[in-house]
2 protein chains.
Amino acid sequence: MALQHAARTAYGKDRMSITIRDVADAAGVSTATVSRALRGLPHVDPETRERVRQVAAELDYVVSPSASRLASGRTGTVAVITPFIDRWFFSSVLSGISDVLQERDVDLLVFEVGDPGTNPGLPPERRLRGRVDGLIVVTLPTDAMRVADLLALGLPTSFIGTTWEGSNSVTIDDVSAGRVATQHLINLGHRHIGMISGRPRASASQAHRAQGYREAMAGAGLTPEPSLEAYGYFTVQGGEEAMTALLSQPNPPTAVFAMSDDMAFGAIRALQRHGIRPGSDIAIASIDGHELAELLDVTTVRQPVVEMGRTAAEALLARMMDEAAKPEEMMVPTTLIVRGSSVPPERTSTAGPQGRPT
Amino acid sequence: MALQHAARTAYGKDRMSITIRDVADAAGVSTATVSRALRGLPHVDPETRERVRQVAAELDYVVSPSASRLASGRTGTVAVITPFIDRWFFSSVLSGISDVLQERDVDLLVFEVGDPGTNPGLPPERRLRGRVDGLIVVTLPTDAMRVADLLALGLPTSFIGTTWEGSNSVTIDDVSAGRVATQHLINLGHRHIGMISGRPRASASQAHRAQGYREAMAGAGLTPEPSLEAYGYFTVQGGEEAMTALLSQPNPPTAVFAMSDDMAFGAIRALQRHGIRPGSDIAIASIDGHELAELLDVTTVRQPVVEMGRTAAEALLARMMDEAAKPEEMMVPTTLIVRGSSVPPERTSTAGPQGRPT
DNA sequence: ATGAAAGCGCTAACAA
DNA sequence: TTGTTAGCGCTTTCAT
């Protein structure tokens, strides 16, 4: 029954594929009608539409994306700009995004741009022109210039982890997250509380978490000591080094707030290496909700990461469909999850066991 | 100096962008010459080429991908088909792939297809036609049918984690990995060794790891006991449940080979919950080289995952450039990394401490 | 070495 | 409701 018009050889670029012409001919209509019918546009006789669909299915026709894109000016694809793809936070966000994009049949293009410091191949901005209809930017720390370039593309954009005036964004309340984690340590009875933060020139999100820490401290009448703050660069190793530094202080903290789970993991390793028991000797609380935080028994303020990806993607699609849609700044809730890494102080407060290796 | 031909308004689809025509006019040549010059094709006067380049740069011209694709039939993009994005192995592989693709200015399209069991939206095969010039398939466990569909697209393809006759592939020697991990436990003096494998209907890779386990056992004159094998589904939780099951055996193992680090992590948690010390009470060795394996002190056979992604991408690109390039089956080396989770048996062998919670 | 011209396969007015 | 007709912006013979 199927009248195969074009030959389909197995390999090579010269494989002739079925075009809208073939479908039009086989269905006895014009290509315009096929186009309308298949895309579900109005003003098509239901019968005609059905017939076209049948024929298209029989011929196993698939629209040529390049042709469709060229003619329509739409690409049906969204780019995600992310510093990393192989770290928990980012891969989780990506997964959430991928989820909703795939549901809606939108292509997902990934651009991994590395740490804000690093300079990757081309600035993505030139690589994006004409390729995508929308952008999702994942926590590009205060690299304002580059962000401005991206926005100059004039595409609908969603931010994750940062807010941006006039664009969609999905964030957690970082101030609150920092405050909650710190307050939890305070409530446990700790008064000598250190902090492992990210990097010197911080992102807004990092600054907010620090602010939350200070607010909680101030609220308890405590003064954060600069000597009890260290940078962990959001990595396990960085966290370990930061904790090691804190332990070498004359008067080490009895508790530490780490801005990310990875850094908390590193901190815990440092403790173990010093023969200090996490929790009972020195308490740790962090932010993230990393899958392995449960395993490592780390108290953390969980952020719904996959969900954040989903939400950002949905908001973006809404904006892409309807240019008039107002950009939203969405703040999603976090949850404190208390585990074994945070318990009341045991020792005679301040001076924990020091340098007792293994 | 720059003679801006087309207006560039900030937003909207009606933004007129600079086309090859503009560049041609400004440079006083034909569009064909511009095309050749910019793409580095031969038969262009060096002077002309330089002038065209200048003009293009001044005008900030960027080729329209859709137009170029339609005219040339090439898309300059590669799709990665992966069951997951947000798990260590997969996100690491993706990162490696992204790396080399970005270097070569090739777009990366990601398709997350979920567990082999699950059925995602559209079969990717129809969604891929005309969109990409090459495919990277990441460990799609024996879902042979679907793979056949993909290959029917007639595109150069690289496999990661699986071999496929006639295609590029990057794998580790799974038999060897399983054997090495098991042999290590044997060398430690263990004789009662269990195994946590993936799932019932296994992938080739899983089968090979199991084979390695059996080979090592046989080589030591040991008989693998079916009651000491459990499925962990490659997840932390699955690993925990599997270990729990093993512990409830009348005669639990003194050592366990887990096919993935995640499952080993779960197994360790199970041990902890039972008040059993990993390493000294029951030894664990696994395969992967997960970043956190160091933290958790897990002995593992490391596979160079990011590198595997890079290699697969490079092989694919080579094949895309030169159709004649022979498909290669690349096997990359693994490394046993011994850590605290595997030490010689302590107790009077077989019966470890049981059910002593916390 | 360069240019002219014919598409690539589709979409989007505009007619009918 | 459907068809006709221009393109979309490039690449690629084929001439020159």
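See the structure above.
Residues numbered from 1 in each chain as written. Chains lettered and ligands numbered in written order. Predicted model: local features only at pLDDT ≥ 70, side-chain atom pairs only at ≥ 80, totals over all residues. Heavy atoms only, no water.

Draft legend 1. Main features of the overall build of chain A. Helix and strand content of chain A: 13 helices and 12 strands. The buried share among the 358 residues of chain A stands at 54%. Accessible area of chain A: about 15600 Å², with a carbon and sulfur share of 52%. (Helix = DSSP H or I, 4+ residues; strand = E, 2+ residues; numbered from the N terminus. Buried < 20%, exposed > 50% of the residue type's maximum accessible area, 1.4 Å probe, protein only. Areas by Shrake-Rupley, 256 points an atom, 1.4 Å probe, with all protein chains shown as cover.)

Draft legend 2. Representation of the sheet that holds strand 8 (residues 255-258) of chain B. Residues and elements named next belong to chain B. Within the open sheet, the six strands sit side by side as 7-6-8-9-10-12. Their pairing is mixed. Looking at which strands have only one partner, the edges of the open sheet turn out to be strand 7 (229-231) and strand 12 (335-337). Each strand axis lies, on average, 20° off the axis of its neighbour in the sheet, ignoring direction. With four bridges connecting them, strand 6 (residues 193-197) and strand 8 associate as parallel partners. Residue pairing for strand 8: Ile193 is matched across the bridge by Ala255. (Pairing = 2+ DSSP bridges. Axes fitted to C-alpha atoms, helices over the stretch in contact; angles between N-to-C directions.)

Draft legend 3. Summary view of the environment of Ser197 of chain A. Residue and element names in this part refer to chain A. For Ser197, the location among the structural elements is in strand 6 (residues 193-197). Judged by relative accessible area, Ser197 falls into the buried class, the value being 5%. Remark: the alpha-carbon pair of Ser197 and Phe257, spanning 60 residues in sequence, is separated by 8.4 Å. Beyond its immediate sequence surroundings of up to four residues, Ser197 is in contact with Gln206, Ala230, Tyr231, Gly232, Tyr233, Met259 and Met263. (Contact = heavy atoms within 4.5 Å.)

Draft legend 4. Expanded view of the protein's contact with DNA strand D. Around DNA strand D, a shell composed of 26 residues is seen, among which Arg36 and Thr48 of chain A together with Ile20, Ser35 and Arg74 of chain B lie nearest. A share of 67% of the atoms of DNA strand D within 4 Å of the protein falls on sugar and phosphate groups. Ser64 of chain B places a main-chain nitrogen or oxygen 3.3 Å from a phosphate oxygen of DNA strand D. Within the backbone of Ala67 of chain B, a nitrogen or oxygen atom sits 3.3 Å from a base nitrogen of DNA strand D. Those elements that place two or more of their residues in the surface near DNA strand D are helix 2 (31-39) and helix 4 (65-72) of chain A together with helix 2 (31-39) and helix 4 (65-72) of chain B. (Near = heavy atom within 4 Å. Polar contact = N/O pair within 3.5 Å; in protein donor to acceptor, adjacent residues only side chain to side chain.)

Draft legend 5. Structural view of the protein's contact with DNA strand C. Close contacts around DNA strand C come from 26 residues, with Ile20, Ser35 and Tyr61 of chain A together with Arg36 and Thr48 of chain B the closest. A share of 69% is what sugar and phosphate atoms reach among the atoms of DNA strand C within 4 Å of the protein. Here a base oxygen of DNA strand C sits 2.4 Å away from a polar atom, N or O, in the side chain of Arg36 of chain B. Those elements that provide at least two residues to the surface near DNA strand C are helix 2 and helix 4 of chain A together with helix 2 and helix 4 of chain B. Its residues assigned to classes, the surface near DNA strand C shows 11 nonpolar, 10 polar and five charged. (Nonpolar A, V, L, I, M, F, W, Y, C, P; charged D, E, K, R; others polar.)

Draft legend 6. Broad picture of a nonpolar patch on the surface. On the surface, a nonpolar cluster with roughly 200 Å² of combined accessible area is contributed by Val180, Leu336 and Val338 of chain A. In this structure, Val338 of chain A sits in the segment after strand 12 (335-337). (Patch = residues over 30% accessible without salt bridge, like charges linked within 9 Å, V, L, I, M, F, W, Y side chains within 5 Å. Salt bridge = Lys/Arg side-chain N within 4 Å of Asp/Glu carboxyl O.)

Draft legend 7. Inspection of the interface of chain B and chain A at higher detail. Tallying the contact residues gives 50 residues for chain B and 50 residues for chain A. Summing both partners gives a buried area of about 4800 Å² for chain B against chain A, and 48% of it is carried by carbon and sulfur. Across the contact surface, chain B and chain A share 14 salt bridges. Among the ionic pairs, Asp107 of chain A bridges to Arg127 of chain B, the shortest N-O distance being 2.9 Å. (Buried area = accessible area lost by both parts, 1.4 Å probe.)

Draft legend 8. Representation of the pairing of strand 11 (residues 329-332) of chain A within the structure. Residues and elements named next belong to chain A. Here strand 11 shows a buried face lined by Met330 and Val332 and an unburied face lined by Glu329 and Met331. As paired strands, strand 5 (residues 168-172) and strand 11 are joined by four bridges and run parallel to one another. The residue of strand 11 that forms the bridge with Val170 is Met330.

Draft legend 9. Region of the structure containing the packing of helix 5 (residues 88-103) of chain B against helix 13 (residues 305-321) of chain B. Residues and elements named next belong to chain B. Packing of helix 5 against helix 13 leaves a shortest axis separation of 7 Å and a crossing angle of 40°. Judged by the angle between their axes, helix 5 and helix 13 are oblique. Between helix 5 and helix 13 lies a crossing whose hand is right-handed. Judged by residue contacts, Trp88, Phe89, Ser92, Val93, Gly96, Ile97, Asp99, Val100, Leu101 and Glu103 of helix 5 engage Val305, Val306, Gly309, Arg310, Ala313, Glu314 and Leu317 from helix 13. (Parallel < 35°, antiparallel > 145°, perpendicular 65-115°, else oblique. Left-handed = near helix turned anticlockwise from the far one by under 90°.)

Draft legend 10. Expanded view of the relation of the copies chain B and chain A. Turning chain B through 180° and shifting it by 0.0 Å along the axis lays it on chain A, with an RMSD of 0.1 Å. As the rotation angle and translation indicate, the two copies are arranged about a two-fold axis. A symmetric contact is evident, with 100% of the interface residues of chain B recurring at the interface of chain A. (Least-squares fit on C-alpha atoms with pLDDT ≥ 70 in both.)

Draft legend 11. Quick peek at the environment of Ser98 of chain A. For Ser98 of chain A, the location among the structural elements is in helix 5 (residues 88-103). Sequence spacing of Ser98 of chain A and Arg310 of chain A is 212 residues, and the spatial spacing of their C-alpha atoms is 7.9 Å. Among residues more than four places away in sequence, those in contact with Ser98 of chain A are Leu108 of chain A together with Ile85 and Glu112 of chain B.

Draft legend 12. Layout of unusual backbone geometry. In this structure, Tyr233 of chain A takes a positive phi of about 55° despite not being glycine. The topology assignment puts Tyr233 of chain A in the loop between strand 7 (229-231) and helix 10 (236-247). Taking relative accessible area as the criterion, Tyr233 of chain A reaches 38% and is therefore assigned partly exposed. In this model, Asp105 of chain B sits at a positive phi of 65°, which is unusual for a non-glycine residue. Relative to the elements of secondary structure, Asp105 of chain B occurs in the loop between helix 5 and strand 2 (107-112). Using a relative accessible area of 39% as the deciding quantity, one classes Asp105 of chain B as partly exposed.

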